[in-house]
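Structural characterization, general
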Amino acid sequence: MTMHLEIVTPKGSQIDVEAEEVVLPGKQGEFTILDGHIPFLSALKPGVVAYIDDDGTHRMAIGTGFSEAGVELAEGGAHHKVLVLTDMHAYEEDVDVDEVRAELEEAEEELKAWTGRLDAEHGELEEKAQWAEARLAVKGIE
């Protein structure tokens, strides 16, 4: 059994496939969705999305966002769907490792030097570091 997976960014639909399994980076931790999953919504943090289709396993980095698992009506009946809305994405071939490592180092230095409150600005720095880590992870670099 498969489900419809769509990943959408401000630049439009990036992934629109039938998948057997989807792994997403939830704010509370990584989770897996299989066909028939109960409907739910989840906030996403920057991380790696992995999905399995007829061609194998695929991975891409995403930024913050939301996911929705549910059922859509399709020709022939109901079909399970996973919709991911995210602000950024990167395929493995889009990642410049040296550039991303420099971004990660800068974000980590800014976080170490942080003396203010844990506010929105601090959260943005954490997301900047997570986004860099996600892009390195999609290249297989931890």
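Every value quoted in this text rests on a predicted model; they were computed, and no experiment measured them. (Residues numbered from 1 in each chain as written. Predicted model: local features only at pLDDT ≥ 70, side-chain atom pairs only at ≥ 80, totals over all residues. Heavy atoms only, no water.)

**A short note on the overall build of the chain**
Regarding its fold elements, the chain presents two helices and 10 strands. The helix and strand sequence of the chain, counted from the amino end, reads β-β-β-β-β-β-β-β-β-β-α-α. Structurally, the chain occupies a C-alpha span of about 55 × 30 × 25 Å along its principal axes. In the chain, which comprises 142 residues, the share counted as buried stands at 37%. (Helix = DSSP H or I, 4+ residues; strand = E, 2+ residues; numbered from the N terminus. Buried < 20%, exposed > 50% of the residue type's maximum accessible area, 1.4 Å probe, protein only.)

**Side note on the packing of aromatic side chains**
Evaluated as defined, the whole model comprises one aromatic pair. Note on Phe31 and Phe40: the rings are 5.5 Å apart at their centroids and 70 degrees apart in plane angle, and the pair reads as edge-to-face. (Phe/Tyr/Trp six-rings, centres within 6.5 Å; stacked < 30°, edge-to-face > 60°.)

**Considerations on the packing of helix H1 (residues 97–112) against helix H2 (residues 120–138)**
Working note: a packed helix pair is described by the angle between its axes plus the distance between those axes. Taken N-terminus to C-terminus, the directions of H1 and H2 make an angle of 150 degrees; their axes are 9 Å apart at the nearest point. One element, H1, and the other, H2, form an angle in the roughly antiparallel class. You can see that H1 and H2 cross each other, and the crossing is left-handed. Listed contacts from H2 to Val97, Val100, Arg101, Glu103, Leu104, Glu106, Ala107, Glu108, Glu110 and Leu111 of H1 are His122, Leu125, Glu126, Lys128, Ala129, Ala132, Glu133, Arg135 and Leu136. (Axes fitted to C-alpha atoms, helices over the stretch in contact; angles between N-to-C directions. Parallel < 35°, antiparallel > 145°, perpendicular 65-115°, else oblique. Left-handed = near helix turned anticlockwise from the far one by under 90°. Contact = heavy atoms within 4.5 Å.)

**Some details on the environment of Ala50**
In this structure, Ala50 sits in strand S6 (residues 47–53). Residues in contact with Ala50, not counting those within four places in the same chain, are Glu21, Val22, Val23, His58 and Arg59.

**Looking at a negative patch on the surface**
A contiguous patch of negative charge on the surface is contributed by Glu105, Glu108, Glu109 and Glu133. No other element matches the three residues that H1 contributes to the negative patch. Along the chain, Glu105 turns up in helix H1. (Patch = residues over 30% accessible without salt bridge, like charges linked within 9 Å, V, L, I, M, F, W, Y side chains within 5 Å. Areas by Shrake-Rupley, 256 points an atom, 1.4 Å probe, with all protein chains shown as cover. Salt bridge = Lys/Arg side-chain N within 4 Å of Asp/Glu carboxyl O. Lys, Arg positive; Asp, Glu negative; His and termini not counted. Charge placed at Lys NZ, Arg CZ, Asp CG, Glu CD.)

**Considerations on the side chain of Thr86**
Its place among the elements puts Thr86 in strand S9 (residues 77–86). Of the polar contacts made by the side chain of Thr86, one reaches the backbone oxygen of Gly63; its length is 3.1 Å. Residues within four places of Thr86 in sequence aside, it is in contact with Ile7, Val8, Thr9, Pro10, Ile62, Gly63, Thr64 and Gly65. (Polar contact = N/O pair within 3.5 Å; in protein donor to acceptor, adjacent residues only side chain to side chain.)

**Things to note about the nonpolar core**
Of all hydrophobic cores here, the largest spans 17 residues; its most connected members are Leu5, Val22, Leu24 and Val84. Elements with a minimum of two residues in this core: strand S1 (3–9), strand S2 (12–19), strand S3 (21–26), strand S4 (29–34), S6, strand S7 (56–62) and S9. Element by element, the count of residues in this core is highest for S1, at three residues. Not counting the four nearest positions on each side in its chain, Val84 is found in contact with Leu5, Glu6, Ile7, Val8, Leu24, Leu44, Ile62, Phe66 and Ser67. Of all hydrophobic cores here, the second largest spans 15 residues; its members include Leu104, Trp131, Ala132 and Leu136. (Core = buried A, V, L, I, M, F, W, Y, C linked by side-chain atoms within 4.5 Å.)

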